[in-house]
Amino acid sequence: MKCSFCHERSVYEVKYNGSALCGKHLTQYVERRVKQEVRQQLNVGSRKTRVSVAISGGKDSSVTLHLLHKILSERRNIELSAFTVDEGIEGYRSAGLSAARSLSNKLGIPHETISYKESFGYTMDEIVSADGGRTIPCAHCGPMRRQLMNRVSDYQKGDYVALGINLDDYAQSIMMNVAKGDVKRMARMAPHTKSQDGLVPRVLPLRKIPEKEVMLYAVVNGIEFEGGWCPYYAQANRNKFRSIVSDLENENPGTKFAIVNFLDTIRNSLDTSFPPSELGKCKKCGSPTASELCVVCSDLEELQKIMENNSG
Ligand code: SF4
Ligand code: ZN
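A few words now on the site of ligand 1. Surveying the vicinity of ligand 1 reveals the residues E87, I89, C138, C141, R145, C230, Y232 and Y233. Residue classes in the shell around ligand 1 are distributed as six nonpolar, no polar and two charged.

Turning our attention to the coordination of the zinc ion (ligand 2). Octahedral metal centres with six donors ideally show angles of 90 or 180 degrees, and tetrahedral centres with four donors ideally show 109.5 degrees. Coordination sphere of the zinc ion (ligand 2), protein contribution only: C282 (SG), C285 (SG), C294 (SG) and C297 (SG), at 2.2 to 2.3 Å. Every donor counted, the four donor atoms about the zinc ion (ligand 2) form angles of 104 to 113° at the centre, which fits tetrahedral coordination. Counting residues between consecutive donors of the zinc ion (ligand 2) along the chain gives the motif C-x2-C-x8-C-x2-C. A residue pair is termed long-range when its members are at least 10 positions apart, and C282 in the loop between β8 (280-281) and β9 (288-289) and C297 in helix α12 (residues 295-311) qualify at 15 residues. Residue C282 shares its accessibility class with C297, and that shared class is buried.

This part takes up the pattern of salt bridges. Under the definition given, this model contains 20 salt bridges. The closest approach of N and O atoms between K70 and E31, which form a salt bridge, is 2.8 Å. Placement of the pair is K70 in helix α2 (residues 59-72) and E31 in helix α1 (residues 23-41), with a sequence separation of 39 residues. In this structure, the salt-bridge partner of D60 is K59, at a minimum N-O distance of 3.1 Å. Using a relative accessible area of 13% as the deciding quantity, one classes D60 as buried. Each member of the salt-bridge network shares a partner with another, and the members are E37, R207, K208 and D264.

The next subject is helix α11 (residues 255-273). Its 19 residues give α11 an end-to-end C-alpha distance of 26 Å, which sits within 8% of 27 Å, the value for a rise of 1.5 Å per residue. At R267, α11 is bent by approximately 50°, the largest bend along its length. Buried within α11 are the following residues: T255, K256, F257, I259, V260, L263, R267 and L270. On the buried face of α11, the contacting elements are α1, α7 (167-180), α8 (183-187) and α10 (238-251).

Confidence along the protein chain averages 94 in pLDDT terms, with 100% of residues attaining 70 or more. Within the protein chain, no element has a lower average pLDDT than α12, which sits at 90, and none a higher one than helix α9 (residues 211-220), at 98.

Now for the layout of surface pockets. What the second largest pocket holds in volume is close to 390 Å³. As for the second largest pocket, its lining consists of 17 residues, and the residues nearest its centre are Y12, K212, E249, N250 and K256. When residues of the lining of the second largest pocket are traced back to their parent elements, those giving at least two are β1 (12-14), α7, α9, α10 and α11. With four residues, α10 is the largest single contributor of residues to the lining of the second largest pocket. For the lining of the second largest pocket, a count of residues per class yields six nonpolar, three polar and eight charged.

A separate point is the side chain of K59. Structurally, the position occupied by K59 is in helix α2. Excluding anything up to four places from it in sequence, K59 contacts N166, E211, V214, M215, F225 and E226.

Bringing the packing of aromatic side chains into the picture now. Summed over the entire model, instances satisfying the criterion amount to three aromatic pairs. Considering the side-chain rings of Y16 and F257, the 4.8 Å spacing of their centres and the 65° angle between planes classify their relative orientation as edge-to-face. With Y16 in the loop between β1 and β2 (19-21) and F257 in helix α11, this residue pair connects regions lying 241 residues apart in the sequence. Of the residues examined, Y16 reaches a relative accessible area of 21% and is grouped as partly exposed. Judged by centre distance (5.7 Å) and plane angle (70°), the ring pair of Y116 and F120 falls under edge-to-face. Placement of both Y116 and F120 in helix α4 (residues 116-120) is noted, with a separation of four residues, approximately one turn of the helix. For the pair Y116 and F120, a shared accessibility class is recorded, and that class is buried. Over the face of the ring belonging to Y29 we find R33, whose NZ or CZ atom lies 3.7 Å from the ring centre.

Packing of helix α5 (residues 124-131) against α12 brings their axes to within 9 Å, and their N-to-C directions diverge by 60°. Considering how the two elements wind past one another, α5 and α12 form a crossing that is left-handed. Between α5 and α12, the residues in contact are I127, A130 and D131 and L303, I306, M307 and N310, respectively. Of the residues belonging to the contact of α5 with α12, the class tally is five nonpolar, one polar and one charged.

Reading the values: rules and limits
Residues numbered from 1 in each chain as written. Chains lettered and ligands numbered in written order. Predicted model: local features only at pLDDT ≥ 70, side-chain atom pairs only at ≥ 80, totals over all residues. Heavy atoms only, no water. Near = heavy atom within 4 Å. Nonpolar A, V, L, I, M, F, W, Y, C, P; charged D, E, K, R; others polar. Donors = N, O, S within 2.8 Å, 3.2 Å for Na, K, Ca; no water. Tetrahedral: all angles 85-135°; square planar, octahedral: opposite > 155°, others 65-115°. Helix = DSSP H or I, 4+ residues; strand = E, 2+ residues; numbered from the N terminus. Buried < 20%, exposed > 50% of the residue type's maximum accessible area, 1.4 Å probe, protein only. Salt bridge = Lys/Arg side-chain N within 4 Å of Asp/Glu carboxyl O. Expected span 1.5 Å × (residues − 1). Bend = angle between axes of the 7 residues up to and from the residue. Contact = heavy atoms within 4.5 Å. pLDDT = per-residue confidence, 0-100. 1 Å grid on protein atoms, 1.4 Å probe; cavity = no way out; pocket = protein on both sides within 12 Å on 5 of 7 lines; lining within 4 Å. Points joined across faces, edges and corners; volume = space filled by probe spheres on them. Phe/Tyr/Trp six-rings, centres within 6.5 Å; stacked < 30°, edge-to-face > 60°. Lys NZ or Arg CZ within 6 Å of the ring centre and 35° of its normal. Axes fitted to C-alpha atoms, helices over the stretch in contact; angles between N-to-C directions. Left-handed = near helix turned anticlockwise from the far one by under 90°.

In structure tokens form, the structure reads like this:
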């Protein structure tokens, strides 16, 4: 099939709008929408703005770093830095970490690594084995990663932390909140336009780009990334929603965009009805939290009790 905009052979059929795109026009199509998201999500103006990019070495975060560099590097008042969270998952993270370092070096962006082991005392593998199947691994991992992302971007003095969340991930997260009836969590979803004390606002430059387009963009533009999956992913709740959302999309192309547009449309009412709660500091680690202990410290306390029982 030919590209709808030139005589080249197409590499991608855009089912939700009926066009076909060659590599060059796919690149332009992706970049145009990411630029628009960046303009809407980052309040930059002329003040100095630092953006910390969380990069796992996978396709989504690698494309995010590449695109933010391409879109923002000519603006003198913007500084980009990158970091990788090392969960301590044998055979998974090390390949991603070297891809993340290598891409950051190539782009001339400072990169650092922060690990669960150094920060919390345990690797994810140790946590999974201590937990012994009581909870799914991602229930421990998600809050820990969010907390470290906030810590790094806070000490890198980031005004924003950018994440490689694509349209598929974002639509799934919205549906997960709907299914749980968790309106408050929905109201706190990124992109964050306002900063809250101690919490660095998260931005999602790829949230309107379907996963397939991110993958093709990476391949067409020769962006190196690591394609491995976390060994614990099979247990993630998200899997169910991944298949529900993709079934809906197959039956009715454009559904993922419709789900995101739904949230965007009710966003202001959500902000008014569910303003962010006042945050104090965790009495153990100092992280921002509405309770005495943050989610991570109370989870770790529980795990320590289990470990003591196991050894006793
Ligand atoms: Fe952590 Fe789950 Fe992601 Fe694996 S799939 S890195 S356990 S959140
Ligand atoms: Zn804490």
